Amino acid sequence: MTSLYISANVAKDGEIFITFASEMISINNLTFEIGSRALYDEANWHIKPGDKAGLIGANGAGKSTLLKLIVGDYTPTSGTISMAKDLKLGYLNQDLLSYHSDKSILHVAMEAFERQNQLHAEIEDLLKKLETDYSDDILNKLSNKQMEFEALDGYHIEFKAHEILAGLGFSEDEQQRPLATFSGGWRMRVMLARILLQTPDILLLDEPTNHLDLPSIKWLENYLQAFDGAIVIVSHDRYFLDRIINKTVESRKGKLNVYAGNYTYYIEEKSQREEIQNNQFKNQQAKIKQEEKLIERFRAKASKAKMVQSRIKALDRMEKVDSVDDDNPEVNFSFKFSKPSGRHVVTIEDISKSYPNLEILRNTDGLIEKGDKIALIGANGKGKSTLLRIVADADTEFTGKSIKGHNVSQTFFAQHQLESLHLENSILQELVTFAPKHTETEIRSILGCFLFTGDDVFKKIKVLSGGEKSRVALAKALTADANFLVLDEPTNHLDMASVNILIQALQQYEGTLIVVSHDRYFLDHVANKIWFIEDKKIKEYPGTYEEYEIWNAKRDYKPVEKEVKKIKEEPKKEKPVQTEDNKRLLIKKNKDLAALEQKIAEKEALVKKLEQDLAMEETYSDATKLQECTRNYNSEKASYEQLQQDWENLAEEIMELEG
């Protein structure tokens, strides 16, 4: 892939002029109107070779529309979108879900190799003719076709298709199944595979992770990091963007604002830009007020009329600086549930679950305790949603027991519950009817946190977008009288601001929750435990998602040379049999772990109390008191950190004893 695009033009006298273009796509003064609303207003953006750009913005800001404008599905109201000659685009969009085929997904993916497939058919035809016709003409044609086929790497296209489909989660057997037998999410993966196999000059990807599980997202990250062409990605997954992009383009208020870095850089740079803009706004407002006072003071004096008019015209000509909008509102509302639950929220005992020809769980146990915020993760097909439905009592077709604890009150959020919203209700009516314990003022406050402000609350459910309906359903779930939340993919259809709101809400929630999501940023900021299904058993990691990732990477790392040497030198060790002494020791250590957890909770409360004391005026205004309070805080915080370290050490000992 070259970094310059070349076009040749022939003059009348036959002389050839060669021009070099450093831009692949050039968007100039783009305006696009929907009805009376300008979605874009003289927006500009230049996409260059090597750009890997994340196109971000709130839902409804026009991100998907811009991709459709680039590929020609929509026509600009004014302005231009021009691109380098013969530029090859690969465009993934949600409309591809409607693609239908009864052919195998391997065949559908290999449709990407249009010329190679054509050559293959022509070669087969020539080989058949060769059975009866040995003429030089047939032999020459066959030779030429075979040379071109080899030059296009035609003999390896099936291997490439296998490789990419496997990376996106398809087994060898599944690759032979017809596309029509797969669900929408899996069909979208096939469409993505076909686009990647086309090796375009530029990839336009609209929400590529929407239908992927975590292993497939990681595979796609690695693929796109190594991709030679340019990329434009619309995504709400900030971890995914951070690992791929080198530019962030924000679609906002009809403009395209370019930031020369990944999403984390964008957050930092935007904060700095907004601080500068806010200062400029304040300074300008102060100047305007000063001028208005002066005008008002001398307006009635005839001798000052010329000066007053001059000042008024100067104010009218002044280019106004906009105030900074708060795109990240802070959530601050209290969750109400009548009674706290007992210590054991859900106890899973010896559960087995199977579907025809597929075993999901086998004789597995699990325990959800009060205060747990569990992320249930893993590849699709491993049983995450099945286990979640068992926990939520939505699936009773299993053997074993799922037991709810004392005073447990639960609410279950899943995407299908959007269908249970009452379409003729307004947003406000929907929540007031559902949560009578909350006042209308409280309901409005909660809806404001979910970006429904002012007259928005009177919109009928039936006119809302999918993302807006998700926010309403989530607001309902969080206003329920529930001390246990079961959440299945709550971040689907949410933009980044909405995901941030949900994170803040769940961080303030004092109950217990278990959640399935493929948004790693969300999981890392919400979960304090990780569950995953391995060997048809529920496995638990006692920490955050980021800590789990580090632990799992070490667990998966197996140097080849050392493994081979180990196999040669010593026989395979059997898993140690649990002796009675080991069992007694395990029981004791689990009790010690529970006692440590209690101490940690008490110490954490004390540290928070000391933090509050330090922030009080009566403390920081008294030097002696401040010194004493600071000394106590440092001492208790060190003690708290030591307790956490002791807990981690003890947890590792328990895991070793359990084998």
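Look above for the structure.
Residues numbered from 1 in each chain as written. Predicted model: local features only at pLDDT ≥ 70, side-chain atom pairs only at ≥ 80, totals over all residues. Heavy atoms only, no water.

A. Fine view of unusual backbone geometry. Located in the positive-phi region is threonine 199, a residue other than glycine, with phi close to 40°. Residues other than glycine seldom take positive phi values, yet aspartate 350 does so here, at roughly 55°. Along the chain, aspartate 350 falls in strand β12 (residues 344-355). (Helix = DSSP H or I, 4+ residues; strand = E, 2+ residues; numbered from the N terminus.)

B. Quick look at the sheet that holds strand β5 (residues 52-56). Pairing within the open sheet is mixed, and its six strands lie in the order β7-β8-β9-β5-β10-β11. A strand with exactly one partner marks an edge of an open sheet, and here the two such strands are β7 (89-92) and β11 (255-259). Across this sheet, the average inter-strand angle for adjacent strands is 15°, counted without regard to direction. When strand β8 (residues 202-206) meets strand β9 (residues 230-234), the two strands line up parallel, connected through five bridges. Within the sheet, the bridge partner assigned to leucine 204 lies in β9 and is valine 232. Each of β7 and β8 is contacted by helix α6 (residues 184-197), which is oriented at about 170° to β7, the strand it contacts most. Packing against the sheet, helix α7 (residues 214-226) makes contact with β5, β8 and β9, and its axis sits at approximately 125° to β5. (Pairing = 2+ DSSP bridges. Axes fitted to C-alpha atoms, helices over the stretch in contact; angles between N-to-C directions. Contact = heavy atoms within 4.5 Å.)

C. How the structure looks around the sheet that holds strand β16 (residues 410-413). Strand order in the open sheet formed by six strands is β16-β17-β18-β14-β19-β20, and the pairing between neighbours is mixed. The strands lining the two open edges of the sheet, one partner per strand, are β16 and β20 (537-541). Ignoring strand direction, the axes of neighbouring strands in this sheet form an average angle of 20°. As defined by bridge partners, strand β14 (residues 373-377) adjoins strand β18 (residues 512-516) across three bridges and the pair is classed as parallel. Of the residues in β18, the one forming a bridge with isoleucine 374 is isoleucine 514. Of the strands in this sheet, β16 and β17 (484-488) touch helix α14 (residues 466-479), which is tilted by about 170° from β16.

D. Broad picture of the packing of helix α12 (residues 427-434) against helix α13 (residues 440-449). Look at α12 against α13: their axes get within 10 Å of each other, and the N-to-C directions meet at 125°. The orientation of α12 relative to α13 falls into the category oblique. Judged by the sense of rotation from one axis to the other, the crossing of α12 with α13 is right-handed. Residues Ile427, Leu428, Leu431 and Val432 of α12 pack against Glu440, Ile443, Arg444 and Leu447 of α13. Its residues assigned to classes, the contact of α12 with α13 comprises six nonpolar, no polar and two charged. (Parallel < 35°, antiparallel > 145°, perpendicular 65-115°, else oblique. Left-handed = near helix turned anticlockwise from the far one by under 90°. Nonpolar A, V, L, I, M, F, W, Y, C, P; charged D, E, K, R; others polar.)

E. Structural context of the pattern of salt bridges. Under the criterion given, the structure shown has 28 salt bridges. Of the charged contacts, one joins glutamate 359 and arginine 362 as a salt bridge, the two residues approaching to 2.8 Å between their closest N and O atoms. With a shortest N-O distance of 3.1 Å, aspartate 393 and lysine 404 are connected by a salt bridge. One end of the pair, aspartate 393, is in the loop between α11 (384-391) and β15 (399-404); the other, lysine 404, is in strand β15, and eleven residues separate them in sequence. The exposure class assigned to aspartate 393 is partly exposed, which follows from its relative accessible area of 43%. With relative accessibility at 25%, the residue lysine 404 sits in the partly exposed group. Sharing partners across several salt bridges, the network here consists of Arg343, Glu369, Asp372, Lys529 and Glu540. (Salt bridge = Lys/Arg side-chain N within 4 Å of Asp/Glu carboxyl O. Buried < 20%, exposed > 50% of the residue type's maximum accessible area, 1.4 Å probe, protein only.)

F. Highlighting α11. Judged by how many residues are buried, α11 sits mostly within the fold: six of eight residues are covered. Three or more residues of α11 are buried, namely Lys384, Thr386, Leu387, Leu388, Ile390 and Val391. Of the residues trailing α11, aspartate 393 is marked for its positive phi of about 65°.

G. Layout of the packing of aromatic side chains. Inspection of the entire model under this criterion finds 14 aromatic pairs. Look at phenylalanine 32 and tyrosine 74: their rings are 5.7 Å apart centre to centre, the planes differ by 5°, and that puts the pair in the stacked class. Separated by 42 residues along the polypeptide, phenylalanine 32 in strand β3 (residues 25-34) and tyrosine 74 in the loop between α1 (63-71) and β6 (78-83) bring together distant segments of the chain. By relative accessible area, phenylalanine 32 is classed as buried at 10%. Residue tyrosine 74 is classed as partly exposed on the basis of its relative accessible area, which comes to 36%. (Phe/Tyr/Trp six-rings, centres within 6.5 Å; stacked < 30°, edge-to-face > 60°.)

The values are spatial; any link to function lies outside them.
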